[in-house]
Amino acid sequence: MTEPLVARMRDFGTTIFAEMSALALESGSINLGQGFPDTDGPASMLDFAVQAITSGGNQYPPGPGTIELRRAVSGHHADHYGLSYDPAGEILVTVGATEAIAASVLALCEPGDEVIAFEPYYDSYAASIALAHAKLVPVTMRPVAGRFTFDPGELRAAVTPRTRAILVNSPHNPTGTVFTRAELTVIAELCQERDVVAITDEVYEHLTFDGVEHIPLATLPGMRERTLMISSAGKTFSVTGWKTGWVCAPAPLVTAVQTVKQFLTFTASGPWQLAVAYALRHQLDWVSALCSGLQDRRDRLMEGLAAAGFGVLKPSGTYFVQTDIRPLGFSDGLELTRRLPELAGVVAIPTQVFYHSPERGRHFVRFAFCKREHVIDEAVARLKRLSH
């Protein structure tokens, strides 16, 4: 029998997250690899979801999403960013941001079109682009003055007549960078100059630290009309399993994405949509407390990683700390992460898997700090073994 999987997807087998999570279970290690919290979201939101289930909200919600959630997203964006989106035609609810990104790429890209993404990038980006028969064009982010950023000249050189979209993830997974207004201005000016659409992944929009501001690209002059702004409830409210996301964009772009999305999942998550609508209106103080706690856990983990001998880069957002493993005498993150359970009883993710050319990120390893304080503290205690 010939290979059953289509050629364009053969590079996308078992994910590194599945491999490392299995290794954590097998070895009894602390899992600081996959980025999901080990505590639930606000109790009143969970209660609202239960109430939605028991009161009959269990059939198909409307294809664009419940009007309650679309109105809540519209109000949120107006209140926080001064962006006005019409719930009736400019907001589409999706099965998490992952579906929103995939449906956007599939809706906008013809075979052979190019999509620019900043590497290291979330692994679904490359898969979505491959599904669309499009070509991923990476622009590499590198540490400069303690944070990852991109070279504007390299970004400009990456744009060709075939460039259809730029995927912009800020706050950025896996580096923790929050793009500055100056960095976003470079992207915005290039999009307008070359008639390119922006697809923005903003799932960590509320999880920034040290007073760093998240600035949506759509708020910059000339960008609302050419930006698909994507976010979700998973990271904001610590309910990653609810897979409830949304796309905000001008009506023609939303219609294009919905045309694809209706044949992927049609619709989903009716009770969760109602609970998320409630949370967007009433639980953002809870999110602020979550963010404060995450900053504390970030600092605990960073201190422990530095004490263990890692080179540590300070993230301004997300769940993740990037480390340079070369001070420990290692040069291959995949090799180290496969040995780390034996060496220290901890699991992490080799950052090289998030690069188009893995060699560029071979010496980086990502650790997640979205875990309870005692888990972080135990992981830090175990990591001390590396410094002996």
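Residues numbered from 1 in each chain as written. Predicted model: local features only at pLDDT ≥ 70, side-chain atom pairs only at ≥ 80, totals over all residues. Heavy atoms only, no water.

As a reminder, the rule being used: UniProt positions are given in the numbering used here, feature names are shortened, and annotations may be inferred rather than shown by experiment.
If you look the protein chain up in an unreviewed UniProt entry, it shows as Pyridoxal phosphate-dependent aminotransferase from Nonomuraea cypriaca. UniProt's Sequence similarities (unreviewed entry) comment on the protein chain is quoted here verbatim: "Belongs to the class-I pyridoxal-phosphate-dependent aminotransferase family." Per UniProt, the comment on the protein chain under Cofactor (unreviewed entry) is "pyridoxal 5'-phosphate".

Quick look at helix 3 (residues 67-81)
Short version of the rule: A run of H or I in DSSP counts as a helix once it spans at least four residues, and a run of E counts as a strand once it spans at least two, with each numbered from the N terminus. What a helix is expected to span follows from its residue count: subtract one and scale by 1.5 Å. Under the scheme applied here, a residue whose accessible area is under 20% of the maximum for its type counts as buried, over 50% as exposed, and between as partly exposed, the area being computed with a 1.4 Å probe on protein chains only. By definition, residues are in contact when any of their heavy atoms lie within 4.5 Å.
Here helix 3 spans 21 Å end to end across 15 residues, near enough to the 21 Å set by a 1.5 Å rise per residue. Residues of helix 3 that are buried: Leu69, Arg70, Ala72, Val73, Ser74, His76, His77 and Tyr81. Looking at the buried residues of helix 3, the elements they touch are strand 2 (91-94), strand 9 (227-232), strand 10 (245-248), helix 10 (270-282) and helix 11 (284-308). One or two steps after helix 3, the chain reaches Gly82, where phi turns positive at roughly 70°.

Structural notes on the UniProt feature "domain: Aminotransferase class I/classII large" (unreviewed entry) in the protein chain
Here, the residues flagged by UniProt with the feature "domain: Aminotransferase class I/classII large" (unreviewed entry) are residues 30-383. End C-alpha atoms of residues 30-383 are separated by 11 Å, and the span's content is 41% helix alongside 18% strand.

Side note on the nonpolar core
Threshold: By convention a nonpolar core is built from buried Ala, Val, Leu, Ile, Met, Phe, Trp, Tyr and Cys residues, the set being connected through side-chain atoms within 4.5 Å.
Membership of the largest hydrophobic core comes to 65 residues, with the highest contact counts inside it found for Leu228, Leu301, Phe310, Phe367 and Leu383. It is helix 11 that contributes the most residues to this core, seven residues altogether. If we skip the residues at most four places from it in the chain, Phe310 touches Leu305, Thr323, Asp324, Ile325, Leu328, Leu336, Phe367, Leu383 and Leu386. In terms of nonpolar packing, the next biggest core, distinct from the first, is built from 27 residues, Ile116, Ala158, Val159 and Met223 among them.

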